[in-house]
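These are the residues of each chain, in order.
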Amino acid sequence: MKARLQVVFFTWILLIWHTEAEFFTSIGQMTDLIYAEKDLVQSLKDYIRAEESKLSQIKSWAEKLDVLTSKSASDPEGYLAHPVNAYKLVKRLNTDWLELENLVLQDTTNGFIANLTIQRQFFPTEEDETGAAKALMRLQDTYKLDPETLSRGNLPGTNYRSYLTVGDCFGMGKTAYNDGDYYHTVLWMEQALKQHDEGEDTTVSKVEILDYLSYAVFQFGDLHRAMELTRRLISLDSTHERAGSNLRYFEKLLEKEREEEKEKSNKTMTTTEPVVPSGAYERPLDYLPERDIYEALCRGEGVKMTPRRQKRLFCRYHDGNRNPHLLIAPFKEEDEWDSPHIVRYYDVMSDEEIEKIKQLAKPRLARATVRDPKTGVLTVASYRVSKSSWLEEDDDPVVAKVNQRMQQITGLTVKTAELLQVANYGMGGQYEPHFDFSRMSDVEAGGATVFPDFGAAIWPKKGTAVFWYNLFRSGEGDYRTRHAACPVLVGCKWVSNKWFHERGNEFLRPCGRTEVD
């Protein structure tokens, strides 16, 4: 087993009219042309009105986007630190600009269409929009945010507040619906309906919202509410065939339920199963057994730092066992946890070094992968949402300096260590519980690294390094170090990781007396 321990730095860091007749030989026939021309003039006026309306829509769109892009371009990372801004940017480029393109394409407009067609190859895809929507849902679940909070942009530490429209909420609900996620379908369709009922201007109809919402509610077995919503839909559109068919089906199911309840009541006078209140739906269980513990720690809940344990934690100056390079300028060391021992070092990287590392990494960032346990092949996974790159010392002197500094701090050799990994977490970026390592940088909200097994949460701080061993001195794995990177709620999370291997450090970290030393 390879020994890997981790030091991590976080930085915030768009009429042809034809006839075969010979009209000049008959004035009578030519009079028909008068009416034809009159009709053409009317069609022309309709065309002009349509063009004026189209230009008005385009102008309004351009003015709105001009204001928006001026603000966002002034501070891209700060603007995108708000997850709603990030979601709406992806949705806008994948969906809204396409609608504008279709609008403009109604005329043979030169220049813009050519440019948009070229640029569109670099736009987000449907997969991106789906991923962005799921990221908002992940933040919603992890940090217990209701749709109203996200829709109104009421998030802590945000400088660029943004709102979700009825269409945005409807899009979120459709994404969940298409994924078979009826829990989030209900939440977001209800929010879309609420904002619609409040009078928000939108092109999405209540009929569309109620169509999705009623079926999603039915999937939770709430027949009464499904029927209520379907009846409301039919009152708005009595010709809606699917709604009529669904209502008849729901009524049959309800009648069947009543008959079964009547039979049961004839056999027993007591009710054994409690009635679930209409509209109260629980989030389904998933594949992660420690989901509740993990998410609670991400919210800062359930951290098992007792007063007694706190007394064992200290701050000190660290000179790397009297390393000559650190005697004059030792690092500030702080205990984050006692067992397993986790420490944080301050001022490990300067702002200039951080920016240089980010500059080197950005062109090389690629979707982070995991190894499939069945095939052994590296693949992307929904539980790891980030991009990463690997930097060598030949890339820039700053990489060598950082590697050397980590060697001085840890007392371990970098000769057998892995390359410096730089990772940037995307919207709602996370890495669910795993055996490996990661650390942090200043984020406005979220983004902690948590250890579900012993209830620890380590919060991001820019320019710091957090260090722990994932192997005992014997080489056996310390399974307590299973950890997770929480989704970033607000902010832009950059981390730098360094793994040191057991090989090459036999004499620098020799075996202990027992297997768990």
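Described in the following lines is the structure provided in the data block. Fair warning: this is a prediction, and the values are worked out from it, not measured in the lab.

1. Details of the nonpolar core
- One finds Leu136, Ile209 and Val450 to be the most contacted residues of the largest nonpolar core, which totals 52 residues.
- Ranked by the residues each element gives to this core, the list is headed by helix H9 (residues 206-219), at seven residues.
- By size, the runner-up hydrophobic cluster in this structure holds 26 residues, among which are Met349, Ala361, Val414 and Ala417.

2. So, the packing of aromatic side chains
- Across all of its chains, the model carries 16 aromatic pairs by this definition.
- Ring centres of Trp337 and Phe454 lie 5.7 Å apart, and the angle between their planes is 45°; this geometry places the pair in the tilted category. Placement of Trp337 in strand E3 (residues 331-337) and of Phe454 in the loop between strand E12 (449-451) and strand E13 (456-458) is noted, with a sequence separation of 117 residues between them. Both residues of the pair, Trp337 and Phe454, belong to the buried class.
- Site record: aromatic cluster; members linked through ring pairs are Phe170, Tyr177, Tyr182, Tyr212, Tyr215, Phe218, Tyr249 and Phe250.

3. So, the pattern of salt bridges
- Under the criterion given, the structure shown has 30 salt bridges.
- Among the salt bridges present, the one from Asp168 reaches Lys91, with a minimum N-O distance of 3.2 Å. A residue pair is termed long-range when its members are at least 10 positions apart, and Asp168 in helix H7 (residues 166-178) and Lys91 in helix H3 (residues 83-104) qualify at 77 residues. As far as the burial class goes, Asp168 and Lys91 line up, both buried.
- A salt bridge links Asp351 to Lys462; the nearest nitrogen and oxygen atoms lie 3.4 Å apart. One end of the pair, Asp351, is in helix H15 (residues 351-361); the other, Lys462, is in the loop between E13 and strand E14 (465-469), with 111 residues separating them in the sequence.
- When salt bridges with common partners are traced through the structure, they connect Lys88, Lys91, Asp96 and Asp168 into a single cluster.

4. Remarks on the state of the cysteines
- Scanning the model with the defined rule gives one disulfide in all.
- Cys298 shares a disulfide with Cys486; S-S distance 1.9 Å. Handedness here is read from the sign of the S-S torsion; for Cys298 and Cys486, about -85°, the answer is left-handed. Of this pair, Cys298 sits in helix H12 (residues 291-298) while Cys486 is found in the loop between strand E15 (483-485) and strand E16 (488-490), placing the two residues 188 residues apart along the sequence.
- With a relative accessible area of 2%, Cys298 lands in the buried category.

5. Side note on the packing of H15 against helix H16 (residues 397-410)
- It is the contact of H15 with H16, at a shortest axis distance of 10 Å, that shows an interaxial angle of 120°. As the angle between them shows, H15 and H16 are arranged oblique. In terms of crossing hand, the pair formed by H15 and H16 is left-handed. Across the interface between the two elements, Glu353, Lys356, Ile357 and Leu360 from H15 touch Val398, Val399, Lys401 and Arg405 from H16.

6. Remarks on unusual backbone geometry
- Between Ser339 and the following residue, Pro340, the backbone shows a cis peptide bond with an omega angle of 0°.
- Mapped onto the secondary structure, Pro340 falls in the loop between E3 and strand E4 (342-346).
- Even without glycine at this site, Arg322 takes up a positive phi of about 60°.
- The topology assignment puts Arg322 in the loop between strand E2 (315-318) and helix H14 (324-327).
- Of the residues examined, Arg322 reaches a relative accessible area of 60% and is grouped as exposed.

About the criteria used
- Every chain is numbered independently, its residues counted from 1 as its sequence is written.
- pLDDT decides what is reported in this predicted model: residues at 70 or higher carry local features, side-chain atom pairs at 80 or more are listed and counted, and totals for whole chains, interfaces and linings draw on all residues regardless.
- The basis for every side-chain value is the complete set of heavy atoms in the structure, and neither hydrogens nor water enter the calculation.
- Put simply, a nonpolar core is a bunch of buried Ala, Val, Leu, Ile, Met, Phe, Trp, Tyr and Cys residues held in one set by side-chain atoms that sit within 4.5 Å of each other.
- Any residue under 20% of the maximum accessible area for its type is buried, any over 50% is exposed, and the rest in between are partly exposed; the area is computed with a 1.4 Å probe on protein chains only.
- Helix and strand definitions follow DSSP, with helices as H or I runs of at least four residues and strands as E runs of at least two, each counted in order from the N terminus.
- Ring pairs shown here join Phe, Tyr and Trp side chains whose ring centres sit within 6.5 Å, with only the six-membered ring taken for Trp; geometry is labelled stacked below 30 degrees between planes, edge-to-face above 60, and tilted in between.
- One side-chain nitrogen of Lys or Arg within 4 Å of one carboxyl oxygen of Asp or Glu is enough to make a salt bridge.
- Note on terminology: disulfide denotes any pair of cysteine sulfur atoms within 2.5 Å.
- The axes are straight lines fitted to the C-alpha atoms, using for helices just the contacting stretch, and the angles between their N-to-C directions are given from 0 to 180°.
- What sets the label is the angle itself: under 35 degrees gives roughly parallel, over 145 gives roughly antiparallel, 65 to 115 gives roughly perpendicular, and the rest give oblique.
- By the definition used in this description, the sense in which the near helix is turned from the far one sets the handedness, with an anticlockwise turn below a right angle giving left-handed and a clockwise turn giving right-handed.
- Contact criterion: two residues are considered in contact whenever any of their non-hydrogen atoms come within 4.5 Å of each other.

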